[in-house]
Amino acid sequence: MNVKTPSKLEKILASGQLAVTSECGPPRGSDPEGIIKKGTMIKEYVDAINITDNQTSVTRLCSLASCIRLKLMGLEPVLQMVTRDRNRIALQSDILGAASFDIFNILCLSGDHQSFGDCATGQNVHDLDSMQLLQVVRRMRDEGKFIGGEEIKRPPRMFVGAAANPFADPFEIRVPRLAKKIAAGAEFIQTQCIYNLDRFEEWMKRVRDRGLHEKVYILAGLTPMKSAGMAKYMKNRVPGMDVPDEVVKRLSGTPKDKQADEGINICIESIERLKQVEGVRGFHIMAIEWEEKVPEIVQRAGLYPRPVV
Amino acid sequence: MIVGKQKSIDEVWAMIQGYKKVLVFGCNTCVAVCHAGGNKEAEVMASMLRMKAKQENVDIDIQDSGIERQCEHEFFESVTERIEWADAIVSMACGIGVQFTAEKFSTKPLMPGINTTFLGATEKPGVWTEKCQACGNCILGMTAGICPIARCAKRLMNGPCGGSTKGKCEISKDLDCAWQLIIDRLTALNRLNEYETLIPIKDWSTDRAGGPRKVVREDVMV
């Protein structure tokens with residue numbers, strides 16, 4: 001696949017090397033220190049850092065401003081953008097704002113429903129959905145045009161990504177849905193956290209059967225478990241999450257003070273196994289409020305040092 | 001049809017404070033089918049308000065009346081006198097009927113007796129569900145006859161989202177995922193291949209976004 005943007009993430013993927021991305025959630029306040037600290041902690045160990053966009057619908061410092069912070073530190077941000085909170089004017093405007101700071105990666109999402117967050121009585125927008133946002137960004141970049149058809153002076157240059165959940169229902173459309181996102185313009189995919197490796201491998205097989213692994217870079221998503229309690233919560237309470245009983249059992253069978261270590265072990269073993277899966281082009285490590293573990297995971301999984309491109 | 005849900009007696013009672021003659025005014029079509037604001041419900045509401053007045057020892061005359069539809073001029077003739085009698089009206093109609101009645105009687109204070117909830121259907125006695133948001137540009141032909149605008153919590157045109165679990169929506173286990181229903185129906189119709197057709201960006205100008213809407217048909221004007 002040819003490189004179309006100045007994105008470092010795109011260059012690494014195009015070079016055939018396994019990419020590593022991670023993500024940081026912005027703080028619930030205006031102090032940028034949290035983002036700076038998280039970015040500094042992991043910068044040597046990842047190729048790009050996603051900044052979440054009011055994840056779980058909880059109001060936070062905005063993704064765009066946090067991405068600018070990282071960019072000013074010389075890091076490579078991935079701007080996550082949900083369609084929940086902004087109409088097409090605001091989405092395009094924020095894309096231009098990000099492009100003005102040479103932010104070269106975007107991840108297009110619909111976003112969690114607002115009822116999960118701190119503004120449950122608010123409206124949601126969803127003027128576009130995530131597939132339509134993919135189309136919009138690609139058109140802005142490739143044709144230099146706004147939704148309305150007018151020309152953009154200095155179009156954005158962004159490597160365009162989407163999320164995929166191989167575990168959500170209904171399973172029969174999980175691969176068609178990926179195909180649809182690729183048709184809409186997705187160039188890279190970051191998946192939902194993978195705990196059920198058998199099911200993920202089955203999904204990847206179906207992805208390969210349709211040749212989709214040659215049309216999009218798939219980064220396998222991983223979130224290390226901190227405890228058996230977290231595993232149970234993820235299994236039972238988080239929509240669209242598939243945590244097999246073995247994972248819960250393995251953590252429950254570990255003494256409490258060793259469960260976090262065991263969670264890291266599981267994560268590293270998963271990476272080792274996923275490296276063997278044809279079509280997996282890298283890893284997206286989402287260590288939720290546990291960013292300090294990213295360096296260890298990357299090192300122990302044999303993904304360090306990161307390539308220089 | 002338009003589905004509604006009665007306001008609590010306490011809320012209606014609070015709204016009519018200070019009036020001496022109150023008419024609880026039913027609307028006997030849509031909101032009668034959902035047992036919220038028909039003429040029978042108006043009668044019951046009036047009776048409960050009278051009990052409340054008695055309990056609170058308030059001197060107020062509360063009567064009830066009703067017509068077939070509060071959204072058409074022709075039905076009002078028979079009740080003009082009753083409406084003139086009252087110094088306030090509690091309309092049991094949907095928001096349309098409340099406003100239409102208010103426009104006809106411009107000096108008459110008018111309060112809503114119900115909350116207009118949605119455009120929906122009767123699933124079974126006692127259960128009504130939303131089916132349409134009147135976006136003004138029907139896409140049911142592209143979505144196997146199931147509307148994601150009205151029935152997906154994120155109104156996704158190209159769903160389902162990653163939160164769809166066992167056929168249910170991420171916001172409630174009691175809510176069907178509209179996209180699961182669409183996929184099931186496409187499967188039943190042997191048209192699942194159509195799932196991969198991208199539904200384009202929607203023109204919302206025919207929706208609320210375009211401002212209050214109006215249909216004018218000169219061919220049927222009298």
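Residues numbered from 1 in each chain as written. Chains lettered and ligands numbered in written order. Predicted model: local features only at pLDDT ≥ 70, side-chain atom pairs only at ≥ 80, totals over all residues. Heavy atoms only, no water.

(A) Spotlight on helix α4 (residues 88–100) of chain A. Residue and element names in this part refer to chain A. In this model, α4 (13 residues) spans 18 Å end to end at C-alpha, consistent with the 18 Å of a helix rising 1.5 Å per residue. Among all positions in α4, only Arg88, Leu91, Gln92, Ile95, Ala98 and Ala99 are buried. The arc that holds the buried residues of α4, viewed along the axis, is 120°, so those residues lie on one side. For α4, the elements touching its buried residues are α3 (63–72), β3 (77–82), β4 (105–109) and α5 (130–143). With a side-chain oxygen lying 3.1 Å from the backbone nitrogen of isoleucine 89, the N-terminal cap of α4 falls on asparagine 87. The positive-phi residue at the C-terminal boundary of α4 is aspartate 102, with phi of around 55°. (Helix = DSSP H or I, 4+ residues; strand = E, 2+ residues; numbered from the N terminus. Expected span 1.5 Å × (residues − 1). Buried < 20%, exposed > 50% of the residue type's maximum accessible area, 1.4 Å probe, protein only. Arc of directions from axis to C-beta. Contact = heavy atoms within 4.5 Å. Polar contact = N/O pair within 3.5 Å; in protein donor to acceptor, adjacent residues only side chain to side chain.)

(B) A look at the interface of chain A and chain B. The interface of chain A with chain B comprises 34 residues on the first partner and 29 residues on the second. Each partner contributes to the roughly 2500 Å² buried at the junction of chain A and chain B, and carbon and sulfur atoms together form 52% of this total. A per-residue breakdown of the area chain A buries against chain B is headed by Gln132, Asp169 and Lys180 of chain A, which together make up 23% of the total. Taken together, the links from chain A to chain B amount to one salt bridge. Among the salt bridges present, the one from glutamate 196 of chain B reaches arginine 210 of chain A, with a minimum N-O distance of 2.6 Å. Linking chain A with chain B are 22 residue pairs in polar contact (both at pLDDT 80 or more). When contributions to the side of chain A that touches chain B are tallied by element, the ones reaching two or more residues are α5 and α6 (174–184) of chain A. Of the residues belonging to the side of chain A that touches chain B, the class tally is 14 nonpolar, ten polar and ten charged. (Buried area = accessible area lost by both parts, 1.4 Å probe. Salt bridge = Lys/Arg side-chain N within 4 Å of Asp/Glu carboxyl O. Nonpolar A, V, L, I, M, F, W, Y, C, P; charged D, E, K, R; others polar.)

(C) Expanded view of the state of the cysteines. Residues and elements named next belong to chain A. Under the counting rule described, the total for this entry stands at zero disulfides over all chains. Residue cysteine 24 stays outside any disulfide, its sulfur separated by 9.9 Å from that of cysteine 67, the closest cysteine. Using a relative accessible area of 1% as the deciding quantity, one classes cysteine 24 as buried. (Disulfide = S-S within 2.5 Å.)

(D) Quick look at the packing of helix α9 (residues 245–252) of chain A against helix α10 (residues 259–275) of chain A. All names here are of chain A. The contact between α9 and α10 brings their axes to 9 Å, and the two run at 145°. Residues Val247, Arg250, Leu251 and Ser252 of α9 pack against Gln259, Glu262, Gly263, Asn265, Ile266 and Glu269 of α10. Among the residues forming the contact of α9 with α10, the class breakdown is three nonpolar, four polar and three charged. (Axes fitted to C-alpha atoms, helices over the stretch in contact; angles between N-to-C directions.)

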